[in-house]
Amino acid sequence: QVQLVESGGGLVQPGGSLRLECTASGSIRSLGVMTWYRQAPGKQRERVAGITSGGSSNFKDSVQGRFAITRENAKKTVYLQMNGLKPEDTGVYYCNADITDTSGQFRSYWGQGTQVTVSS
């Protein structure tokens, strides 16, 4: 059984920073691309940033230069460092990971989400 658990959300003022973490656990053979998505109230879920197992990353245009994504493969953890936060960054942030489990099955997993609220 594989599980993704996110942490690090909260309430922050505009211009502030937060760091999100997502850790995978369970019967994992290999961990592929790890991605952060977000969903604002009344809007569709959107991709924010992703990182390969080799460390290559890409970002949604609106967060480029403000957000950074890193990962520690040994800890099966991905981080999203968010700086210069804006009210439009508010939403539930979800972690997604491509995982091959120990039975050889490949699928995409989702975490439960963590709330980020940017407000004065």
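Residues numbered from 1 in each chain as written. Predicted model: local features only at pLDDT ≥ 70, side-chain atom pairs only at ≥ 80, totals over all residues. Heavy atoms only, no water.

Chemist: Would you explain the environment of Thr70 in this entry?
Modeler: With respect to the secondary-structure elements, Thr70 resides in strand 7 (residues 67-72). By relative accessible area, which is 43% here, Thr70 ends up partly exposed. Sequence spacing of Thr70 and Ile28 is 42 residues, and the spatial spacing of their C-alpha atoms is 20 Å. For Thr70, the contacting residues outside a window of four places in its chain are Ile51, Thr77, Val78 and Tyr79. (Helix = DSSP H or I, 4+ residues; strand = E, 2+ residues; numbered from the N terminus. Buried < 20%, exposed > 50% of the residue type's maximum accessible area, 1.4 Å probe, protein only. Contact = heavy atoms within 4.5 Å.)

Chemist: Just checking my understanding: could you explain the pairing of strand 11 (residues 114-118) for this structure?
Modeler: Look at any regular strand and the pattern is simple: side chains alternate between the two faces of the sheet. Only one face of strand 11 is buried, namely the one carrying Thr114, Val116 and Val118, since none of Gln115 and Thr117 on the opposite face is buried. Where strand 2 (residues 10-12) meets strand 11, three bridges bridge the pair, whose relative direction is parallel. Bridged to Leu11 within strand 11 is Thr117. Of the pairings in the sheet, the one linking strand 9 (residues 91-101) to strand 11 comprises three bridges and is antiparallel in character. By the bridge assignment, Tyr93 is partnered in strand 11 with Thr114. (Pairing = 2+ DSSP bridges.)

Chemist: What is the right way to read the nonpolar core from this model?
Modeler: Most often, soluble globular proteins have nonpolar side chains that are buried together. One finds Trp36, Phe67, Leu80, Met82, Tyr93 and Ile99 to be the most contacted residues of the largest nonpolar core, which totals 29 residues. Looking at this core, the elements with two or more residues in it are strand 1 (2-7), strand 3 (18-26), strand 4 (28-39), strand 5 (46-51), strand 7, strand 8 (77-82), strand 9 and strand 11. When residues no more than four places from it in sequence are discounted, the contact partners of Met82 are Gly16, Ser17, Leu18, Leu20, Arg66, Phe67, Tyr93 and Val116. (Core = buried A, V, L, I, M, F, W, Y, C linked by side-chain atoms within 4.5 Å.)

Chemist: I would appreciate a short explanation of unusual backbone geometry in the present structure.
Modeler: Across the chain, the bulk of peptide bonds are trans and the bulk of non-glycine residues have phi less than zero. One non-glycine residue with positive phi stands out, namely Lys76, at about 55°. Turning to its location among the elements, Lys76 is positioned in the loop between strand 7 and strand 8.

Chemist: What am I meant to see in the state of the cysteines here?
Modeler: A covalent bond between the sulfur atoms of two cysteines is referred to as a disulfide. Per the stated rule, a full pass over the model turns up one disulfide. Two residues, Cys22 and Cys95, share a disulfide whose sulfurs are 2.1 Å apart. In this structure, the disulfide formed by Cys22 and Cys95 twists by about -80° around the S-S bond and is classed as left-handed. With a gap of 73 residues between them, Cys22 in strand 3 and Cys95 in strand 9 connect regions that are remote in the sequence. We note that Cys22, like Cys95, is buried. (Disulfide = S-S within 2.5 Å.)

So, to be careful, I would describe these as geometric facts and stop short of saying anything about function.
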